[in-house]
Amino acid sequence: MNEPGDVAVEPDGDARDPGGDVVEPGGDGVEPGGDVVEPGDGDARDPGGDGSAGTADAAQDAPDSGALGSGALGRGRRVVLGVVAGAALVAVGGLLATVLVKSPAQVAAETGPPAQGLLTAEVEQRVLARTVVTRGTVVADQSVDVAPQPRAGEGAAAAVVTKLPLKAGDAVAAGQLLAEVSGRPVFALKGTLPVYRDLRPGATGDDVAQLQQALRALGHGTGDDAKGVFGAGTKAALTARYRAIGYDPLPAVADGGEAVKAARQAVRTAQWAVEDASADADAGTGAGNGAGNGNGNGAGAGAGGRSGTPATGSPSAGPASGAGDGETTGDGETTGVGRTGGKSGGGEGDSGRALARARQALADARAELASVEAADGPMLPASETVILGSFPARVSGIAGRVGGPVSGPVLTLSAGELVVETYLKDDKKQLLRAGMSVVIASEATGLDARGKVALVAGERSTGRPAGGQQPGQGGQGDAAGKGGDLGFRMVVRADRPLPPALAGQDVRLTIESASTDGQALVVPVTAVSATADGGTVVTAVGGDGTPRRIEVRVGTSGDGYVAVTPVRAGALTAGAKVVIGAAPKDGGDGQGGRDGQGGRDPKGTGSPRRPAE
């Protein structure tokens, strides 16, 4: 028995309120068929009394809750979830629409230029240097291509490499064999004057003096030869050098020595002629015949045509000349007719002339022999020697091969101290000259060295760079390997010798082409602008932000800066702020203005400031 106010509990566990209404867990009434009874049907009432006024009978007619299936409840929940999902989709669609769909006014506002602000830089006071930066290659001071050709007339149709004893990177000493071409050696000698002719015995000149010095440095004395005269001592020294590298020198006169033999034979023949003429002169007679008289005067003929002695053995009263025939009478007088002295005198004159002529012929033969012997001997062909300024040298490249024709350089030698070589275009060539200071920097080794520009060529170079190296990176001569225009050759010599490890490396060159005379006021180049009347001004910003234009004169420029001098003294000082461009006020990078490059003008027009020339 339930007390009033108690909730009746049916056997199936459903609770009824005191009024007899069935209280479902969700507050909804269910008909026996499982249909949901909507509020207002009078079949059920929710606990809050929101349903229509139902009767206790209706509640009693309802079957108990245990008869409700779980499928009906699941379908109800799915309906509710579907409604919620639909609402979410509608909300997301609205959000996307607000993001993607913009009004024309909104689009115009977002694409308009940002508000502009002044971009300033501080005026500095320092020494300003104008620099040129380029790349170069470390090479030896001297580079020589060895491209020998056989001498004409040697019977070789074409030069052929027959021996290559060296390889790239090998050191080369003075006098050393470099290569063999068509069976003939090519060796190196020290000197400064390039070989331009074959050196033969009897030659004279500075190149002969250079050869003599090089041979003496190798231990081959040149005897008593005068400086610059290719004499017997130089011939002996050259022959010794060839023998030292395993070859015989080429003869200066290619006749097998026939000219010398003939000259020597001529000397012998002339010598014999002199001897014969001298004997004939010594054996000549000058006796004269005279008529004898009783006084014993007369000339008698001596034997052999010699000057006559009187037949009687007595002294002759006078000199006898010529040859005479006489008879001695019984009283001892010599009688006869003496021949004139013409014959005997003529014989003496003939023998004297013959002797003089023989002696002259001998002198001529000896002079010819000396000339022939002076021209004979070893020669130094220009194709068999390479002159280098210093040793040891280095083989920087091998281009030939054994058995291949000599169509160009067989090998390349580098000698002397290391220098930096580069090739300049027209714009840089106009800025640089010999004597300018240079900083040499090697990124590979970390080396920094100072030097000076030693040479800026006045004419363009073509072909490939010396030493077989490509020109430095940085825009010079990509056509170098193709024999194109390299530009103007520039050589930089370090103040101290560069280490050998840098040979062949690419380095950076920073050349100081101009600088201010002491400290000067320096501003970024973008701070300077030109006026309509051709003047130049900078715009300074005061402490209150007010800009004011200051007329200046520009000077040295470099590295993005320019030296300025205010026309009115004191109008611009170090530490002042000058306008270099414009930037968005919201801090965006805008159009330029960063690092002072390409900034906008202070009026915010977006027009880039034009630096003063």
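Each chain has its residues counted from 1, running along the sequence as written. The predicted nature of this model means local features are confined to residues of pLDDT at least 70 and side-chain atom pairs, given and counted, to a pLDDT of 80 or more, with totals for whole chains, interfaces and linings taken over all residues. Hydrogens and waters are ignored; side-chain quantities use all the structure's heavy atoms.

A. Fine view of the overall build of the protein. Numbering of helices and strands runs from the N terminus; a helix is a DSSP stretch of H or I covering at least four residues, while a strand is a stretch of E covering at least two. In terms of regular secondary structure, the protein is built from eight helices and 27 strands. Note on exposure labels: buried denotes an accessible area under 20% of the residue type's maximum, exposed denotes more than 50%, and partly exposed covers the range between, all computed with a 1.4 Å probe on protein chains only. Out of the 613 residues belonging to the protein, those deemed buried represent 35%. Note on contacts: a residue pair is in contact if any heavy atoms of the two residues lie within 4.5 Å. Look at the contacts in the protein between residues 6 or more apart in sequence, and 65% of them connect residues 24 or more apart.

B. Layout of the packing of aromatic side chains. Stacked, edge-to-face and tilted labels apply to pairs of Phe, Tyr and Trp rings (six-membered ring for Trp) whose centres lie within 6.5 Å, assigned for plane angles under 30 degrees, over 60, and everything in between, in that order. Within this structure, the stated rule accounts for one aromatic pair. Relative to Tyr 242, the ring of Phe 187 lies with its centre 5.4 Å away and its plane at 85°, an arrangement referred to as edge-to-face. Separated by 55 residues along the polypeptide, Phe 187 in strand S12 (residues 184-190) and Tyr 242 in helix H5 (residues 232-244) bring together distant segments of the chain. Each ring is checked for a lysine NZ or an arginine CZ that lies within 6 Å of its centre and within 35 degrees of its normal; such an atom marks a charge sitting over the ring. The ring of Tyr 561 carries the charged tip of Arg 126 above its face, separated from the ring centre by 4.9 Å.

C. Fine view of the environment of Gly 543. Mapped onto the fold, Gly 543 is located in the loop between strand S24 (536-541) and strand S25 (547-558). Taking the C-alpha atoms as reference points, Gly 543 and Ala 576, 33 residues apart in sequence, are found 9.3 Å from one another.

D. Representation of the pattern of salt bridges within the structure. Only one rule defines a salt bridge in this text: a Lys or Arg side-chain nitrogen within 4 Å of an Asp or Glu carboxyl oxygen. Tallied over the entire structure, the rule returns 16 salt bridges. Here Arg 197 ties to Asp 207 by a salt bridge, and the two come within 2.6 Å at their closest N and O atoms. You can see Arg 197 sitting in the loop between S12 and helix H4 (206-217) and its partner Asp 207 sitting in helix H4, a full 10 residues away along the chain. Since its relative accessible area comes to 28%, Arg 197 is described here as partly exposed. Classification of Asp 207 by relative accessible area gives buried; the value is 7%. Arg 489 is the salt-bridge partner of Glu 421, the closest N and O atoms lying 2.6 Å from each other.

E. Highlighting the side chain of Thr 222. Assignment of secondary structure puts Thr 222 in the loop between H4 and H5. You can call Thr 222 buried: its relative accessible area is 5%.

F. Molecular detail of the pairing of strand S16 (residues 393-398). In terms of strand pairing, strand S10 (residues 171-172) meets S16 through two bridges, oriented antiparallel. Note that in S16 the partner of Val 172 across the bridge is Ala 393. The criterion for strand pairing is that DSSP finds at least two bridges linking the strands in question. By the bridge criterion, four bridges tie S16 to strand S17 (residues 411-424) in an arrangement that is antiparallel. Within S17, the residue paired with Ile 398 across the bridge is Leu 411.

G. Local environment of the environment of Ala 168. If you trace the backbone, Ala 168 turns up in the loop between strand S9 (161-163) and S10. Here Ala 168 falls in the exposed class, since its relative accessible area comes to 51%. In this structure, the C-alpha to C-alpha distance between Ala 168 and Gly 397, residues 229 residues apart in sequence, is 5.2 Å. Once you skip the residues sitting within four places of it in the chain, Ala 168 turns out to touch Val 395 and Ile 398.

H. Structural context of the sheet that holds strand S15 (residues 385-388). As summarised here, the arrangement of the four strands in space is S9-S11-S12-S15, forming an open sheet in which the pairing is mixed. Each edge of the sheet is formed by a strand with only one pairing partner; in this case those strands are S9 and S15. Across the sheet, the mean angle separating the axes of adjacent strands is 30° when strand polarity is ignored. Relative to S15, S12 is paired through four bridges, and the arrangement is parallel. Here the axes come from fitting lines to C-alpha atoms, over the contacting stretch only for helices, and the angles between their N-to-C directions go from 0 to 180 degrees.

I. Layout of H4. Working rule for helices: expected span equals 1.5 Å times residues minus one. Across its 12 residues, H4 extends 17 Å between first and last C-alpha, which sits within 8% of the 16 Å expected from 1.5 Å per residue. For H4, the full list of buried residues reads Asp 207, Val 208, Ala 209, Gln 210, Leu 211, Gln 212, Ala 214 and Leu 215. Buried residues along H4 sit against S12, H5 and S15. Once H4 ends, the next one or two residues include Gly 219, with phi positive near 95°.

J. Examining unusual backbone geometry more closely. Residue Pro 392 is bonded to the preceding Phe 391 through a cis peptide linkage, with omega at 0°. Assignment of secondary structure puts Pro 392 in the loop between S15 and S16. Even without glycine at this site, Ser 182 takes up a positive phi of about 50°. For Asp 559, which is not a glycine, the phi torsion comes out positive at approximately 55°. Of the residues examined, Asp 559 reaches a relative accessible area of 57% and is grouped as exposed.

K. Representation of a negative patch on the surface. Patches draw on residues past 30% relative accessible area with no salt bridge. Two like charges within 9 Å are joined, as are two nonpolar side chains (Val, Leu, Ile, Met, Phe, Trp, Tyr) within 5 Å. Surface exposure here means Shrake-Rupley accessible area, sampled with a 1.4 Å probe, where a residue is shielded only by the protein chains that are shown. For the purpose of charge, His is not counted, nor are the chain termini; Lys and Arg are scored as positive and Asp and Glu as negative. Note on charges: their place is set at NZ of Lys, CZ of Arg, CG of Asp or CD of Glu. Taken together, Glu 275, Asp 276, Asp 280 and Asp 282 make up a surface patch of like negative charges. By secondary structure assignment, the location of Asp 280 is in helix H6 (residues 258-283).

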